[in-house]
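# Reading the structure
One-letter residues, chain by chain:
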Amino acid sequence: MSHNNMNLKLKVWRQKNANTTGAFVKYDVNDISDEMSFLEMLDVLNEKLIVTGEEPIAFDHDCREGICGMCSLYIDGKPHGPWQANTTCQLHMRAFKDGDTITIEPWRSNAFPIVKDLTVDRGAFDRIIQAGGYVSVNTGNAVDGNSLPINKDDADASFAAAMCIGCGACVAACKNSSAMLFLSAKVSHLALLPQGEPERKSRVLNMVAQMDKEGFGSCTNTGACEAACPKEISIANIARLNKEYLRAGLTAE
Amino acid sequence: MLNSKIPAGKLEEKWVDYKGHCKLVNPANKRKMEVIVVGTGLAGASAAASLGELGYKVKAFCFQDSPRRAHSIAAQGGINAAKNYQNDGDSVFRLFYDTIKGGDYRAREANVHRLAEVSGNIIDQCVAQGVPFAREYGGLLSNRSFGGTQVQRTFYAAGQTGQQLLIGAYQALERQVALGNVTMHSRHEMLDVVKIDGKAKGIIARNLITGELEKHFGYAVLLCTGGYGNVFYLSTNAMGSNVTAAWKAHKQGAYFANPCFTQIHPTCIPVSGDHQSKLTLMSESLRNDGRIWVPKNLDEKRKANEIPEEDRDYFLERRYPAFGNLVPRDVASRAAKERCDAGHGVGTSKQAVYLDYAAAIERYGKIEVSKQGLSNVSTEEITAMGKEVVKEKYGNLFNMYAKITGENPYEVPMRIYPAVHYTMGGLWVDYELQTNVPGLYALGEANFSDHGANRLGASALMQGLADGYFVIPYTLGNNLADEIYNTPIPTSHPAFEAAEKAVAERIQTLKNINGKQSVESFHKRLGKIIWNECGMSRSEAGLKKAIADVQALKKEFWSDVRIPGEINEYNPELDKANRVADFIELGELMCVDALNRNESCGGHFREEYQTPDGEALRDDENFMYVAAWETTGEHQWQLHKEELKYEVIKPSQRNYK
């Protein structure tokens, strides 16, 4: 519970909208408590900008407890900043020290066009889900929840994949802007459960096709996505995705 | 007089009878009918998906960049259902009873019974969608306990039940988008309800990327826009959570019910400084195994681990031996505040109590030893094994605590303090979830109906999904069956034009103020007023002062707020200004309602009305009603009362001792 205050220099990407070119702008922020979250530090800067008549920095954020997946930010070359298994909103200033210069960029990917400053459009993820990331069961069709026992290991593995918060850090971390970790988490979540079985083949084929259509790059297995994932989604899911894809391709009617 | 349209007949037959007799819309007609759903959390996403499946043409709106980000996602602990899988005496009646009692006898019996009836269907539906609930080794669903109950009826997915349920509903929604039954408008905010001939017929929405205003027609408008906890500035709500949609509905004539019923959650991470933008909840499930205490001695200087048992006060176990650490939220919060006010608080701010896992770690360690048939095990080994078990159950919560505070909760007790979490009040709705404005509905936290004066843990997810999956598909049809003869109204209708003009003018007015103070600074000041005078404890004098302060703040806001940027562009400060302006007006109404309610019940604690041992003192004779407020002018509201009739349950003073 120590209080250490620090002075920092920021290099922030500013861009008015998708149709203009952007540039880095330098800011000084002083007297930042190490108990603040990273976004609260940006709040402090924004308040200062507003009062002095400048436009505040636009960045996406909502729950500020690491679960909604809305926050992004590429901080000093890492999606969500220096801490492992963490979102930007949960990053706290004790990760930095007095005098540091911090570079802040938006997610960089052609499939995530910039809206303004640090805010990007991740609608591509929704469209990948629309291509098949669901079980086709209308409300009212369900049988009793316990009529379908599921092996605990499978249920746990499915849950581990379903923990994905759809933030896009995996895409931002990848030199090819591949969305394979995201997609593999979504495919694994349902492929590991008996409920996902009937649509298992069409799901993976359609979702992969949509991913390609959105302009995401190819996977070259560098593992940068796994290292950046705030929910520690395992790269083993990508292996499962490849297996699912191959199996579906070879056995499709 | 308010007509709640509760069906006649025995309590347990009302919903069955209703479903058997309600009017239906045939599939060919559904295809012609547009329905607007605002908000895509559990209530909105489940409603939009279910109505899309039925064949309605749904237009869904959310202010986030994707429907999956709605704040339902942050719910941690679980969802209740009267499955009685544990054979521990649960039933529909008991869930109904616990909810009514937990709500301190200020909820509607018929609504709550229906909620309990459909609770089991929700679990079935979610399992069918592939929601990965926690399971036992036998492959069956696992349960845990939550506050205010003596059975294990809470289903969960580690500490992120909300995200898993929302992803289930979101995937169902996206499936309907792909099928063309739902059109999704993300990064859109509803800024007014359009009424024609007294009925809700559409909305004005603002595209948050371009700033353009849009007119949308619908045969009905469903508000699934969550609660208004952010009126307090600091709360566990997401930064974007707001009351604007509900407040616009209120300004268009919809009654706002029980606004002063807000929930202060006992287990949150304490405030650490002035810069703080939001508070973080630690799931109530932690009270299953954690023990809450403060030092007995005032001016205790020792570290938590150095304070011996005899110098600790486990105040919940002491005051409420029957329920112990699992008393309902309002009771636990007040008890923590009472200890801190008496000078026993811990941490630098002295506004915190300990939540201690040492005993649970030891207990679980010993269970592991006997499970594995080990002997001659050292204390350190038992502790290590216990920590592993605790890690599996609560690991993500412990990690979150460590990240925020920089302390290791496996080694030292966590520090917690109550924080605003949920709002039981909301738009007044009848049994069909329709407000008093025909065609305008409110679902989930946005309505007032099921939780009375205090919500039990793991019941918010249940209510959101009950309303969206299993209630609105029936009740909406019952009303739309009469609308099939009416053709869609073009948005060139004068009512749409006028509404759009009014919204544009308000935005221009806000922008033109061009004052000196930021939106955020006003929001912080509003939050302080409401937290101090309309928070965990309220008094006549304090509320009167708060009303005057909020009125003054409103004046200052409208003359000195500064909004940078342009109207016709992505401008989060402008979005926020719109929301804070509405929060200020709501803040006043909350205080008006709290001042009117001369009793204590649930989360509403008036200092003047308490029992000798400090428990809430209800006044059933004079206040057993829903306070539904109609706006009648600037700073003016008229009270409408809906009498609460308890036909099955006999109200008594809640006793958790």
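Quick look at the overall build of chain A now. Within chain A one finds eight helices and seven strands. Overall, the C-alpha framework of chain A stretches about 65 × 45 × 35 Å when taken along its three principal axes. Within chain A, the proportion of its 253 residues that are buried is 52%. Excluding contacts between residues fewer than 6 apart, the proportion of contacts in chain A whose partners are at least 24 apart in sequence is 70%.

Size of an interface: often given as the accessible area lost when the parts come together. Residue and element names in this part refer to chain B. One can read the domain layout of chain B as domain 1 (265-420) and domain 2 (500-618). On a C-alpha basis, the centroid separation for the pair domain 1 and domain 2 is 33 Å. The partner domain 2 presents five residues to the six residues of domain 1 that form the contact. Counting residues per element, the side of domain 1 that touches domain 2 draws most heavily on helix 10 (residues 329-341), at five residues. For the side of domain 1 that touches domain 2, the class distribution of residues is one nonpolar, one polar and four charged.

It is worth spelling out the sheet that holds strand 9 (residues 220-223) of chain B at this point. Residue and element names in this part refer to chain B. One open sheet holds the five strands; their spatial order is 5-2-1-9-17, and the pairing between them is parallel. Two strands close off the open sheet at either side, each with one partner strand: strand 5 (182-185) and strand 17 (440-442). Between one strand axis and the next, the sheet turns through 20 degrees on average, direction left out of account. Looking at chain direction, strand 9 and strand 17 are connected through three bridges and run parallel. What sits directly across from Leu 222, in strand 17, is Tyr 441.

With that settled, the discussion passes to the interface of chain B and chain A. The interface is formed by 65 residues belonging to chain B together with 66 residues belonging to chain A. Elements represented by at least two residues in the side of chain B that touches chain A include exactly helix 3 (42-54), helix 5 (109-129), helix 6 (161-179), helix 12 (379-405), helix 13 (460-480) and helix 17 (572-596) of chain B.

Residues and elements named next belong to chain B. Taken in spatial order, the three strands line up as 6-7-8 in an open sheet, and their pairing is antiparallel. Lying at the two open borders of the sheet, with one neighbouring strand each, are strand 6 (188-196) and strand 8 (213-217). The average angle at which neighbouring strand axes cross in this sheet is 25 degrees, direction not considered. Bridge analysis of strand 7 (residues 199-207) against strand 8 gives five bridges, and the strand direction is antiparallel. The residue of strand 8 that forms the bridge with Ile 204 is Lys 215.

In this section: the nonpolar core. Residue and element names in this part refer to chain B. The biggest cluster of nonpolar side chains holds 282 residues, and the ones touching the most others in it are Leu 222, Leu 223 and Leu 427. Considering each element in turn, this core owes the most residues, 13 residues, to helix 17. Apart from residues lying up to four places away in sequence, Leu 222 is in contact with Val 35, Ile 36, Val 37, Val 38, Ala 47, Tyr 441, Leu 443 and Ile 472.

Moving on: the domain arrangement of chain A. Residues and elements named next belong to chain A. For chain A, the assigned domains are domain 1 (5-116) and domain 2 (123-251). Across the contact, 18 residues belong to domain 1 and 16 residues belong to domain 2. Taken together, the residues that form the side of domain 1 that touches domain 2 break down as eight nonpolar, eight polar and two charged.

Attention shifts here to the pairing of strand 18 (residues 625-633) of chain B. One face of the sheet, then the other: side chains in a regular strand alternate in exactly this way. Residues and elements named next belong to chain B. Bridge count between strand 10 (residues 256-257) and strand 18: two bridges; the pairing is antiparallel. Its bridge partner being in strand 18, Phe 256 is matched across the sheet by Trp 629. By the bridge criterion, eight bridges tie strand 18 to strand 19 (residues 636-643) in an arrangement that is antiparallel. Paired with Ala 628 across the bridge in strand 19 is His 640. In sequence, strand 18 turns back onto strand 19 through a hairpin of two residues, with His 635 there showing a positive phi of about 60 degrees.

Attention now moves to the pairing of strand 15 (residues 414-423) of chain B. Residues and elements named next belong to chain B. Within strand 15, 10 of the 10 residues are buried, which leaves the element mostly enclosed by the surrounding structure. One ladder, built from three bridges, connects strand 14 (residues 353-356) with strand 15; its direction is antiparallel. Along strand 15, the bridge assignment pairs Leu 355 with Met 414.

Rules behind the numbers
- The residue count restarts for each chain, going from 1 along the sequence in the order it is written.
- Here every chain gets a letter starting at A, and every ligand a number starting at 1, in the order they are written.
- A pLDDT threshold of at least 70 governs which residues receive local features in this predicted model, and a stricter bar of 80 or more applies before side-chain atom pairs are shown or counted, although totals over entire chains, interfaces and linings include all residues.
- Here a strand is any run of E in DSSP of at least two residues, a helix any run of H or I of at least four, and the numbering for each starts at the N terminus.
- Counting other C-beta atoms within 10 Å of each residue's C-beta, where C-beta atoms are placed from the backbone, gives the exposure class: buried for 20 or more, exposed for 12 or fewer, partly exposed between.
- Any two residues are considered in contact once their C-beta atoms, placed from the backbone, lie within 7 Å.
- Those domain boundaries reflect an automatic or database domain assignment.
- We call Asp, Glu, Lys and Arg charged. Ala, Val, Leu, Ile, Met, Phe, Trp, Tyr, Cys and Pro are nonpolar, and the rest, Gly among them, are polar.
- Paired strands, as defined in this entry, are two strands with at least two bridges between them according to DSSP.
- Note on geometry: axes are C-alpha line fits, over the in-contact stretch for helices, and angles between N-to-C directions span 0 to 180 degrees.
- When buried Ala, Val, Leu, Ile, Met, Phe, Trp, Tyr and Cys residues are joined through C-beta atoms within 7 Å, the set is termed a nonpolar core.

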